[in-house]
Amino acid sequence: KAVVSTQSTGYDSYVKPILPVTDHRTKWSGIRRKHLSNATPFSEAIKQIRKLLSGKYIIGHDLQNDLSVLNFKPHPCLLLDTSKCCALRHLAGLPESQKPSLKKLTGLILGQDIQKASHCSVEDARAALMLYKAVKDNWHSKINPYLNDSYWNVATASKH
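Please read these numbers as outputs of a predicted model, since none were measured by experiment. (Residues numbered from 1 in each chain as written. Predicted model: local features only at pLDDT ≥ 70, side-chain atom pairs only at ≥ 80, totals over all residues. Heavy atoms only, no water.)

### A few points about the overall build of the protein
Right, so step 1: A count of helical and extended segments in the protein gives 8 helices and 6 strands.
Right, so step 2: Counted from the first residue to the last, the protein has its helices and strands arranged as β-β-β-α-α-β-α-β-α-β-α-α-α-α.
Right, so step 3: Per-residue burial for the protein yields a buried fraction of 32% across its 160 residues.
Right, so step 4: Sequence-distant contacts in the protein: of pairs separated by 6 or more residues, those separated by 24 or more amount to 42%.
Right, so step 5: Counting every atom, the protein has about 10800 Å² of accessible surface; 52% of that belongs to carbon and sulfur. (Helix = DSSP H or I, 4+ residues; strand = E, 2+ residues; numbered from the N terminus. Buried < 20%, exposed > 50% of the residue type's maximum accessible area, 1.4 Å probe, protein only. Contact = heavy atoms within 4.5 Å. Areas by Shrake-Rupley, 256 points an atom, 1.4 Å probe, with all protein chains shown as cover.)

Below, the structure is given as structure tokens:
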């Protein structure tokens, strides 16, 4: 299932894969056979999603595989991946070297238990957005020190 949301436009649709599904892995995917009977064809969904995402910030968790499936390579500055944000790990009290799951981060930071029964892409998208909002002012602080204002203030002050 694909979920894309922007200020004025949203995309939430089941997508029919190119190859037949032999195991829906419903416990993890939340998808059942009935969901794919009238699903959007993969090639059509890809075009619609790429058009929606083009030139926009993309917030999500562990986006690498999703973007690979879409064969979509946005500018790295437009990717806000909660799985790679050191500020979230710090807030959760986790080591910077650990890559926590969305479920773990959401529980530790937001106090919410997600993905209880089965996977829900809408719930995941909302959780990633709430995590981003929790640290948006410090998002880049440890990802790239050059993007942190304090780096430039210290560097400028030490030259004078």
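### Quick look at unusual backbone geometry
Right, so step 1: Phi is positive for N71, close to 50°, though the residue is something other than glycine.
Right, so step 2: Mapped onto the elements, N71 comes out in the loop between α4 (64-70) and β6 (79-81).
Right, so step 3: Unusually for a residue other than glycine, Q115 sits at a positive phi of about 55°.
Right, so step 4: Mapped onto the secondary structure, Q115 falls in the loop between α6 (102-110) and α7 (121-135).

### Describing the pattern of salt bridges
Right, so step 1: Taken as a whole and judged by the stated rule, the model has 2 salt bridges.
Right, so step 2: Salt-bridge contacts for K103 lead to D113; the nearest nitrogen and oxygen are separated by 2.7 Å. Highlighted residues: K103 in helix α6 and D113 in the loop between α6 and α7, separated in sequence by 10 residues. (Salt bridge = Lys/Arg side-chain N within 4 Å of Asp/Glu carboxyl O.)

### Some remarks on the side chain of H35
Right, so step 1: Among the structural elements, H35 can be located in helix α2 (residues 33-36).
Right, so step 2: At a separation of 2.8 Å, a polar atom in the side chain of H35 contacts the main-chain amide nitrogen of R32.
Right, so step 3: Not counting residues up to four positions away in its chain, the partners in contact with H35 are Y14 and G30. (Polar contact = N/O pair within 3.5 Å; in protein donor to acceptor, adjacent residues only side chain to side chain.)

### Comments concerning the nonpolar core
Right, so step 1: Ranked by size, the top nonpolar core spans 16 residues in total, and within it L88, L105 and W139 carry the most contacts.
Right, so step 2: Secondary-structure elements contributing two or more residues to this core are α5 (86-92), α6 and α7.
Right, so step 3: With 5 residues, the top contributor of residues to this core is α7.
Right, so step 4: Formed by 12 residues, the second largest nonpolar core is a distinct cluster that contains I49, L52, I58 and L70. (Core = buried A, V, L, I, M, F, W, Y, C linked by side-chain atoms within 4.5 Å.)

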